[in-house]
Structure formats: C-alpha cells, structure tokens
Amino acid sequence: MNNPATALYAVMFVTLWKGIGYYMVLYLAGLQGISPELEEAATIDGASRPQVFWNITLPGLRPTILVCSLLSTISAIKVFEEIYVMTQGGPAGSTYSALFYTYSRAFQDFQYGLAAAGGIIIAVISIIFGLINFRLTRGKSRCLRHAPPRPSPIPLPSPLPG
C-alpha cells in the first residue's frame with residue numbers, strides 16, 4: 001500500500017471483490033428470465049451453442065447488462081469508502097478520486113463551495129455516463145423473455161351464427 005504504482009490496483013481489487021457477488025445475482029436472475037423454449041427451438045432448428053448465445057441469450061440479457069453497466073459505472077465514479085479506509089488518498093495522491101476530493105475539500109479544508117461544485121460535477125458526469133450506457137445498449141432487440149403464443153393444436157369451433 002505504500003507503493004504509488006500498486007495502491008490503485010489494490011483499491012480496485014477490493015472494490016471488485018465487494019461488488020462481484022451482487023452483479024452475479026443480477027446476471028443469474030437475467031438468465032433465469034430467458035425462456036428455455038427459445039433456446040430449445042433454436043437448437044432444434046440447428047443453431048450451434050455460439051449462435052444460441054449470440055442470438056438468444058445475449059439479447060435476452062440486454063436489460064440486465066444495461067443495469068449492471070450503469071450501476072458499476074456510477075459505483076466507479078463514487079468510490080469513496082475503500083479509498084478512505086485503505087489509503088486516505090494514497091501515497092502521493094495515487095488513489096485520489098473525485099468523491100474523495102469532494103470529501104477532503106468539505107471536511108478537511110472546510111471549503112464548502114469547492115465541495116459543492118465537485119458534487120455537481122460528479123452528478124453531471126454520472127448523468128453523462130448513464131446516457132452513454134443507455135445509448136450503447138439500446139438496439140433493435142425484441143423482447144425475448146416470453147415466447148410468442150402458440151396456436152392451439154385443437155381446432156376451435158367457429159362461433160355460432162346469431
């Protein structure tokens with residue numbers, strides 16, 4: 001932790017370790033929401049495993065990918081606890097983040113104007129990254145969570161003339 005070249009990697013590892021379980025639960029829920037009938041139909045139609053993944057599984061996970069990428073981007077912007085506990089800004093400022101800067105301006109230097117401006121800048125950057133995430137994950141995907149209704153194998157009687 002005393003080496004400026006490795007301190008940021010240590011903080012990144014702890015942050016990744018802290019959040020990976022949460023994202024795995026979200027992806028598992030997204031995978032369980034994909035209709036198994038769609039994958040089975042694609043396999044029966046002759047699709048290989050990679051084709052099923054790229055054409056059914058991945059488009060079905062698109063909303064989950066959006067949520068996870070948005071949450072992880074915002075979490076990366078607002079990382080504070082790990083830096084505060086592990087390095088206090090790090091050796092030679094190597095782990096100084098925008099939120100830690102805002103904190104230090106407000107509660108160590110008592111420069112509340114700079115801290116408020118830093119908070120607004122963090123909010124604007126978060127909104128911009130959120131819009132970029134929405135733009136990148138938006139596409140021509142169909143809703144693959146539910147298979148289309150199948151026609152009944154038994155012919156239905158026609159309505160009686162009245």
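Residues numbered from 1 in each chain as written. Predicted model: local features only at pLDDT ≥ 70, side-chain atom pairs only at ≥ 80, totals over all residues. Heavy atoms only, no water.

Chemist: Is there a simple way to think about the layout of surface pockets in this case?
Modeler: Regions of empty space are outlined by a rolling probe, equal in size to a water molecule, passed over the atoms. Counted as a void, the largest pocket has a volume near 560 Å³. Within the residue set of the lining of the largest pocket, elements represented by two or more residues are α1 (4–32), α4 (62–77) and α5 (81–86). The biggest single contributor to the lining of the largest pocket is α1, with 10 residues. Its residues assigned to classes, the lining of the largest pocket shows 13 nonpolar, 6 polar and 4 charged. (1 Å grid on protein atoms, 1.4 Å probe; cavity = no way out; pocket = protein on both sides within 12 Å on 5 of 7 lines; lining within 4 Å. Points joined across faces, edges and corners; volume = space filled by probe spheres on them. Helix = DSSP H or I, 4+ residues; strand = E, 2+ residues; numbered from the N terminus. Nonpolar A, V, L, I, M, F, W, Y, C, P; charged D, E, K, R; others polar.)

Chemist: Which parts of the structure should I look at to understand the packing of helix α3 (residues 49–60) against α4?
Modeler: Each pair of packed helices gets described by two things: the angle between the helix axes and the distance between those axes. Relative to each other, α3 and α4 sit at 50°, their axes nearing to 4 Å. The angle between the axes of α3 and α4 places the two elements in the oblique class. From α3, Leu58, Pro59 and Gly60 reach across to α4, where they touch Arg62, Pro63 and Ile65. The residue makeup of the contact of α3 with α4, split by class, is 4 nonpolar, 1 polar and 1 charged. (Axes fitted to C-alpha atoms, helices over the stretch in contact; angles between N-to-C directions. Parallel < 35°, antiparallel > 145°, perpendicular 65-115°, else oblique. Contact = heavy atoms within 4.5 Å.)

Chemist: Whenever I open this one, the nonpolar core confuses me. Can you help?
Modeler: The tendency in soluble globular proteins is for nonpolar side chains to be buried as a group. Within the largest apolar cluster, 6 residues are counted, these being Ile34, Leu38, Ala42, Val52, Ile56 and Leu61. Among the secondary structure elements, those contributing two or more residues to this core are α2 (36–44) and α3. Leu61 has contacts with Tyr27, Gly30, Leu31 and Ile34, leaving out every residue within four places of it along the chain. One finds Val11, Phe80, Ile83 and Phe100 within the second-largest nonpolar core, a separate group that totals 5 residues. (Core = buried A, V, L, I, M, F, W, Y, C linked by side-chain atoms within 4.5 Å. Buried < 20%, exposed > 50% of the residue type's maximum accessible area, 1.4 Å probe, protein only.)

Chemist: How do you make sense of the environment of Ile83 when you look at a structure like this?
Modeler: Its place among the elements puts Ile83 in helix α5. For the pair Ile83 and Thr95, spaced 12 residues apart in sequence, the C-alpha to C-alpha distance is 6.7 Å. Once residues within four sequence positions are removed from consideration, Ile83 is found in contact with Val11, Gln88, Gly89, Thr95, Ser97 and Phe100.

Chemist: Teacher, can you tell me more about the packing of aromatic side chains here?
Modeler: Remark: the centre distance and the inter-plane angle together describe each pair of aromatic rings, the angle taken between the planes. In the structure shown here, the tally under the stated rule is 12 aromatic pairs. Cluster of aromatic residues (ring-pair linked, three or more members): Phe80, Tyr84, Tyr96, Phe100, Tyr103 and Phe107. (Phe/Tyr/Trp six-rings, centres within 6.5 Å; stacked < 30°, edge-to-face > 60°.)

Chemist: Whenever I open this one, unusual backbone geometry confuses me. Can you help?
Modeler: Across the chain, the bulk of peptide bonds are trans and the bulk of non-glycine residues have phi less than zero. At Ala92, a position not held by glycine, the phi torsion is positive, near 60°. Positive phi, close to 55°, is recorded for Phe110, a residue that is not glycine. In this structure, Phe110 sits in the loop between α6 (98–107) and α7 (112–137). The exposure class assigned to Phe110 is exposed, which follows from its relative accessible area of 56%.

Chemist: What am I meant to see in α6 here?
Modeler: Every α-helix winds through 3.6 residues per turn, so residues three or four apart in the chain are directed the same way. Listing the buried residues of α6 in full gives Phe100, Thr102, Ser104, Arg105 and Ala106. Where α6 is buried, its residues meet α5 and α7.

Chemist: Would you explain the pattern of salt bridges in this entry?
Modeler: Opposite charge on two side chains permits them to pair, given that their charged atoms come into close proximity. This structure, assessed with the given rule, holds 3 salt bridges. With a shortest N-O distance of 2.8 Å, Glu82 and Lys18 are connected by a salt bridge. Within this pair, whereas Glu82 is found in helix α5, its partner Lys18 is found in helix α1, the two being separated by 64 residues in sequence. Through salt bridges with shared partners, a single network forms among Lys18, Glu81 and Glu82. (Salt bridge = Lys/Arg side-chain N within 4 Å of Asp/Glu carboxyl O.)

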